[in-house]
Every structure is written in C-alpha cells, then in structure tokens.
Amino acid sequence: VYATDIISGNVYFYRSTDGTTWTRNTINNPSVQYPTIPAQEDYHGQLTVAPDNPDKLYFVQGTDGLWIINGTSSTLIDSDEGLPLSYYPTRNTYRMDLSTVVIDPNDSDVVYVGKYSSNGFVAESLFRSINGGQTFTDISGNLKYTSATSLTVNPHDHYVYVGGHHGTWRLPPP
C-alpha cells in the first residue's frame, strides 16, 4: 500500500506492507528509496503503482505533470511528451491540470492520464501512452469539455472507463 504527504514543500512517498505501519522515503531509510519531488500548490495528486513492478510509481500532481518514479530515479513527463498545457482565458495562463492516472493491469505499457477542463473551456481531457508513459496521444475525441476525474481499466477486456462531471464513458483499448 502506498500514500503521499506534503511536508515543507516536498512530496514524500510512504509504503506499507500491512496498512498499519508506514515507512517514509528518506536518505536514512534504506528500505524505501523513492526520491522526494517538489510539491505543487499543496495538491497531493494521485498515485498509481505499476502492476508488474511495485517500485515503479506514477504520480499526477495537478499543474506539474506526470512523475514516473522507478526506484531511486524520477522523470517528469510534460508537454514535451504529448501532455499539452491548456489555456485558461479567465486566468490568462496555461496549466497542465492533470487529475488522474491509471495503468492497464494486464499491460503496464498502456497508461492513461486524465485532465481537468476548467469552466467549460475546450481542453484535451484524456491521453494514452502505449510505451509505459514515455509519450502520450490525445484520445479525448468528443470529450474535450469534460474533466476526466476518474479512470479505470477493465482487466478482462482492456476497455478504459472515464468518469467525469457529466457522466461515465467506455473507450476501447489501443
């Protein structure tokens, strides 16, 4: 079981084997060596664990992007890898606004990331990677006005279910 916490502007990852005793990643703790990453706007984000590697974590953190943490290394996946920033005219700003991440339980190369769509502005809301999160493709289709607030993949047929403010959608696998 994994959890996160923000302390002094950093995100720390915790791990438990029994759900009662938790170990935080620190330099002084050899049993958990996940890196600490900078926190964004006190947003805890969502953490997902690769189904075939308990040391590989995927962490979305709102405006920052997708962090892929593999043991002691971490990589930030952002607009250079196909997760575009969305423009918000009322704020006159561009933001990543990632909300959720899920991995196909039978194929860890297939990763889905959802985004918020703020105030009805058109924003790509759903992205898929078929290479473990290294690059992403927009698969939003007609869901560009919908915030993808939750994602799950059916382990039997690989369909992805997208939950949003306006309903739930079922999309086919790659």
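One can find the structure itself at the top, above this paragraph.
Reading guide: rules and limits
Residues numbered from 1 in each chain as written. Predicted model: local features only at pLDDT ≥ 70, side-chain atom pairs only at ≥ 80, totals over all residues. Heavy atoms only, no water. Salt bridge = Lys/Arg side-chain N within 4 Å of Asp/Glu carboxyl O. Helix = DSSP H or I, 4+ residues; strand = E, 2+ residues; numbered from the N terminus. Buried < 20%, exposed > 50% of the residue type's maximum accessible area, 1.4 Å probe, protein only. Phe/Tyr/Trp six-rings, centres within 6.5 Å; stacked < 30°, edge-to-face > 60°. Lys NZ or Arg CZ within 6 Å of the ring centre and 35° of its normal.

Visitor: For the pattern of salt bridges, give the residues involved together with the corresponding values.
Guide: Tallied over the entire structure, the rule returns two salt bridges. Among the ionic pairs, Asp 55 bridges to Arg 15, the shortest N-O distance being 3.3 Å. Highlighted residues: Asp 55 in the loop between strand 5 (46-49) and strand 6 (56-60) and Arg 15 in strand 2 (residues 10-15), separated in sequence by 40 residues. For Asp 55, a relative accessible area of 32% corresponds to the partly exposed category. Two residues, Arg 170 and Asp 157, come together in a salt bridge whose shortest N-O distance is 3.4 Å. Remark: Asp 157 occurs in the loop between strand 15 (148-153) and strand 16 (160-164) and Arg 170 occurs in strand 17 (residues 167-171); sequence separation between them is 13 residues. The exposure class of Arg 170 is partly exposed, given its relative accessible area of 46%.

Visitor: Tell me about the packing of aromatic side chains, residues and numbers included.
Guide: Within a pair of aromatic rings, the relevant descriptors are the distance that separates the centres and the angle that separates the planes. Counted by the stated rule, this structure contains one aromatic pair. Seen from their ring centres, Phe 13 and Phe 59 are 5.5 Å apart, and the 85 degrees between their planes marks the pair as edge-to-face. Of this pair, Phe 13 sits in strand 2 while Phe 59 sits in strand 6, and the two are 46 residues apart along the sequence. The residues Phe 13 and Phe 59 share a single accessibility class, namely buried. Over the ring of Tyr 159 we find Arg 170, and its NZ or CZ is 3.6 Å from the ring centre.

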